[in-house]
Amino acid sequence: MTPKIELHLHLEGAAPPAFIRGLAREKSMDISGIFDAEGNYKYKDFWDFLKVYEAATSTLTTPEDYARLTLAVLEESAASGVVYSETFLSPDFCGGRDKGAWKEYLLAIREAADQAERTMGITLRGIITCIRHFGPEKARETALCAAETAGEWIVGFGIAGDEKIAQPKDFRWSFDCAREAGLRLTAHAGEWGGPESVRAAIKDLEVERIGHGVRAIEDLALVDEIAERGIVLEVCPGSNVALGIYPGFRKHPISQLYERGVKVTVSTDDPPFFHTTMAREFEMLHRAFDWDDAFFAALNKTALDAAFCDTDTGARIAKLLEA
Ligand code: ADE
Ligand code: ZN
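Okay, so let's go over this structure. A quick note: this is a predicted structure, and the numbers were derived from the prediction, not measured.

Parameters at a glance
- Residues numbered from 1 in each chain as written.
- Chains lettered and ligands numbered in written order.
- Predicted model: local features only at pLDDT ≥ 70, side-chain atom pairs only at ≥ 80, totals over all residues.
- Heavy atoms only, no water.
- Donors = N, O, S within 2.8 Å, 3.2 Å for Na, K, Ca; no water.
- Tetrahedral: all angles 85-135°; square planar, octahedral: opposite > 155°, others 65-115°.
- Helix = DSSP H or I, 4+ residues; strand = E, 2+ residues; numbered from the N terminus.
- Buried < 20%, exposed > 50% of the residue type's maximum accessible area, 1.4 Å probe, protein only.
- Near = heavy atom within 4 Å.
- Polar contact = N/O pair within 3.5 Å; in protein donor to acceptor, adjacent residues only side chain to side chain.
- Areas by Shrake-Rupley, 256 points an atom, 1.4 Å probe, with all protein chains shown as cover.

At the metal site, the zinc ion (ligand 2) is ligated by His-8 (NE2), His-10 (NE2), His-188 (NE2) and Asp-269 (OD), and these contacts range over 2.1 to 2.2 Å. Taken together, the 4 donor atoms coordinating the zinc ion (ligand 2) and their angles of 85 to 169 degrees define a geometry best described as irregular. Within one chain, the residues donating to the zinc ion (ligand 2) are spaced in sequence as H-x1-H-x177-H-x80-D. Here Asp-269 lies in the loop between strand E8 (263–266) and helix H11 (278–289) and His-8 lies in strand E1 (residues 4–10), a separation of 261 residues in the sequence. As far as the burial class goes, His-8 and Asp-269 line up, both buried.

Printed below as a string of structure tokens:
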């Protein structure tokens with residue numbers, strides 16, 4: 001299995017549906033409406049997906065639940081060959097942005113990740129993520145949680161959620177706070193918003209990576225700017241196809257963005273929701289664009305160069321890629 005670097009994975013979004021059903025059963029919670037007859041997550045569109053995501057997440061109520069989730073998720077990632085995973089962690093769901101509770105959740109997640117590193121050879125680093133549709137006020141509390149726990153394990157800060165709600169500039173305080181705490185920055189943009197949304201994230205939040213960013217393709221001057229500034233896109237082709245932004249991998253702009261000089265990387269976003277894995281993403285890109293092993297090796301290198309971990313960790317992971 002080719003070793004892989006993943007930069008964009010939501011911890012709750014990676015929860016296997018059977019795992020969430022198991023938790024619901026243990027807690028006598030009825031969330032049966034979010035699953036289809038085959039037991040997969042069921043949603044109509046992106047906005048319904050966000051609701052189903054939050055309903056699934058409502059079963060995760062203790063640090064111990066998150067420890068089990070982390071092991072289940074990393075097991076799936078490792079089975080796909082992932083050796084390094086930058087994962088979005090949300091204090092909104094882990095203790096409700098209470099700093100004391102957040103630290104307990106984080107400790108549980110980190111201990112589980114350390115265990116996975118020993119037993120499965122996969123390294124996780126956390127990116128704290130605020131949720132756009134929860135609003136700028138809650139994002140400030142999230143940023144303060146992030147600032148309190150920034151270090152060699154919590155390495156970044158970002159924003160996910162409904163891109164149609166509020167503007168990047170409304171979250172400037174939170175991003176400044178995270179930057180001052182030493183965190184590196186990324187923002188979801190250019191998924192449900194067009195080029196103007198990507199422009200605003202770059203200008204108002206001064207991020208070095210963009211989550212998705214693919215709709216920059218609708219404005220080639222912006223694509224050139226992204227390329228010139230070396231901003232890295234965390235592209236999640238299977239997610240975009242599953243949510244209906246593009247009709248299939250062949251119509252996905254990742255190849256065009258690459259050809260125009262943009263640093264693109266590949267991730268899964270919320271793999272069970274989109275019936276994907278990192279192995280499947282690579283396979284589908286190979287089929288759509290004939291990308292070969294050498295191409296994927298270069299893609300991995302771009303991703304590792306853009307990773308937010310410290311240089312020692314980066315050097316250790318680089319050796320795994322060479323092996
Ligand atoms: N949260 C989880 N998945 C997401 C996505 N694809 N876009 C925005 N927010 C998300
Ligand atoms: Zn995402």
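This part covers the site of ligand 1. What surrounds ligand 1 is the set His-10, Phe-46, Phe-49, Tyr-53, Ala-160, Gly-161, His-188, Glu-191, His-212, Asp-269 and Asp-270. The separation between a nitrogen atom of ligand 1 and a polar main-chain atom of Gly-161 is 2.9 Å. Separating a nitrogen atom of ligand 1 from a side-chain N or O atom of Glu-191 is a distance of 2.7 Å. Relative to its free-state accessible area of 260 Å², ligand 1 is covered by the protein chains to the extent of 97%. Residue contributions to the shell around ligand 1 peak at 3 residues, all from helix H2 (residues 46–57).

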